[in-house]
Amino acid sequence: MSEDKIYVTEEGLKKLQDEYDNLVHVVREEVKAELAEARSLGDLSENADYDAARDKQSQVESRIAQLEQMLQPGHYEIINKKTGRSKTVSIGSTVTIRFLDTKEEGTYTIVGSTEADPLNGKLSNETALAKAILDHKVGETVDVNAKQPYSVEILKTK
C-alpha cells in the first residue's frame, strides 16, 4: 500500500475499524479452526481443504496488514463534511456538474478512495474528474484529463 494519506469520513473510519476487529477476532479464529481440521485429515500434499484454508488465511492476513497500515494515527484524515460548505470543491463536498459534451448533469460526493462507490454517487478523490474539479469554484468550466478528455461546468457545491 502506498504511503499516501487516505481520506475517510467518520462513518467510513468506523467501518474500517469494525472490519479490522471482525477479521482479527472472528475470521482469523475461524481460519485457524479450518486449518486444524484440514490438518487432521492426514496427507497435506494432496489435501484441497488444507490448500483452500491456507489461501483464505493468506487473504485474511493480507487484509489485516492493509487495514493496520490504513488505521495508523497520522495515516488517515477525517473528511469534515462541514468544510465542504463553501463554493469551492473540496474532499467531502457534494458537487453538481454539467458535462459539456452531453449536457447531462450529475451530482457526486468527493470521498477518499476507500469509500468510493461511483454507482451511488461517491467519487474517489483520486479519479481524473475529482482531481480536475478539486479547488475550483461554482461557475467554473474545468477540463478533465482522462483517456478521452472532456470538460465540465461546476453548477453547485455543498
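A quick note: this is a predicted structure, and the numbers were derived from the prediction, not measured.

Rules behind the numbers
What you see as residue numbers is a count from 1 along each chain, following the sequence as written. Under the rules for a predicted model, residues below a pLDDT of 70 receive no local features and side-chain atom pairs below 80 are neither given nor counted, while totals for whole chains, interfaces and linings still include all residues. Note: side-chain values were computed over all heavy atoms of the structure, leaving out hydrogens and water. UniProt positions are given in the numbering used here, feature names are shortened, and annotations may be inferred rather than shown by experiment. By the criteria applied, helices consist of DSSP H or I runs no shorter than four residues and strands consist of E runs no shorter than two, each listed in order from the N terminus. Should DSSP find at least two bridges between two strands, the strands are taken to pair. Only protein chains enter the area calculation, which uses a 1.4 Å probe; residues under 20% of their type maximum are buried, those over 50% are exposed, and those in between are partly exposed. To obtain each axis, a line is fitted to C-alpha atoms, and for helices this fit is confined to the stretch in contact; angles are then taken between N-to-C directions over 0 to 180 degrees. Oblique is the label for any angle not under 35 degrees, not over 145, and not in the 65 to 115 range, which are roughly parallel, roughly antiparallel and roughly perpendicular in turn. A clockwise turn of the near helix away from the far one marks a right-handed crossing, whereas an anticlockwise turn of less than a right angle marks a left-handed crossing. Gly counts as polar in this scheme, as do all residues outside two lists: the nonpolar Ala, Val, Leu, Ile, Met, Phe, Trp, Tyr, Cys and Pro, and the charged Asp, Glu, Lys and Arg. Note on definitions: a residue-residue contact is assigned when non-hydrogen atoms from the two residues lie within 4.5 Å.

With that settled, consider the UniProt feature "domain: Transcription elongation factor GreA/GreB N-terminal" (unreviewed entry) in the chain. Per the UniProt record, "domain: Transcription elongation factor GreA/GreB N-terminal" (unreviewed entry) is annotated on residues 6–72. Along residues 6–72 one finds 79% helix and 4% strand; the C-alpha atoms at either end are 11 Å apart.

What follows concerns the pairing of strand E7 (residues 150–157). Where strand E3 (residues 94–99) meets E7, five bridges bridge the pair, whose relative direction is antiparallel. Its bridge partner being in E7, Arg 98 is matched across the sheet by Glu 153. Bridge count between strand E6 (residues 141–144) and E7: four bridges; the pairing is antiparallel. What sits directly across from Asp 143, in E7, is Ser 151.

The next subject is unusual backbone geometry. Its identity is not glycine, yet Lys 103 carries a phi of approximately 65°, on the positive side. Turning to its location among the elements, Lys 103 is positioned in the loop between E3 and strand E4 (105–111). With relative accessibility at 56%, the residue Lys 103 sits in the exposed group. Non-glycine residue Asp 135 carries a positive phi angle of around 70°. For Asp 135, the position within the fold is in the loop between helix H3 (128–133) and E6. With relative accessibility at 63%, the residue Asp 135 sits in the exposed group.

Moving on: the packing of helix H1 (residues 10–39) against helix H2 (residues 48–70). At a closest axis distance of 9 Å, the pairing of H1 and H2 adopts a crossing angle of 160°. With respect to H2, the axis of H1 lies roughly antiparallel. Along this stretch, H1 crosses H2, giving a crossing that reads as left-handed. Along the lines of polarity and charge, the residues of the contact of H1 with H2 split into 14 nonpolar, one polar and ten charged.

The next subject is the environment of Ala 38. For Ala 38, the location among the structural elements is in helix H1. Sequence-wise, Ala 38 and Tyr 50 are twelve residues apart; in three dimensions their C-alpha atoms are separated by 4.9 Å. Aside from chain neighbours lying at most four places away, what touches Ala 38 is Leu 44, Asn 47, Asp 49 and Tyr 50.

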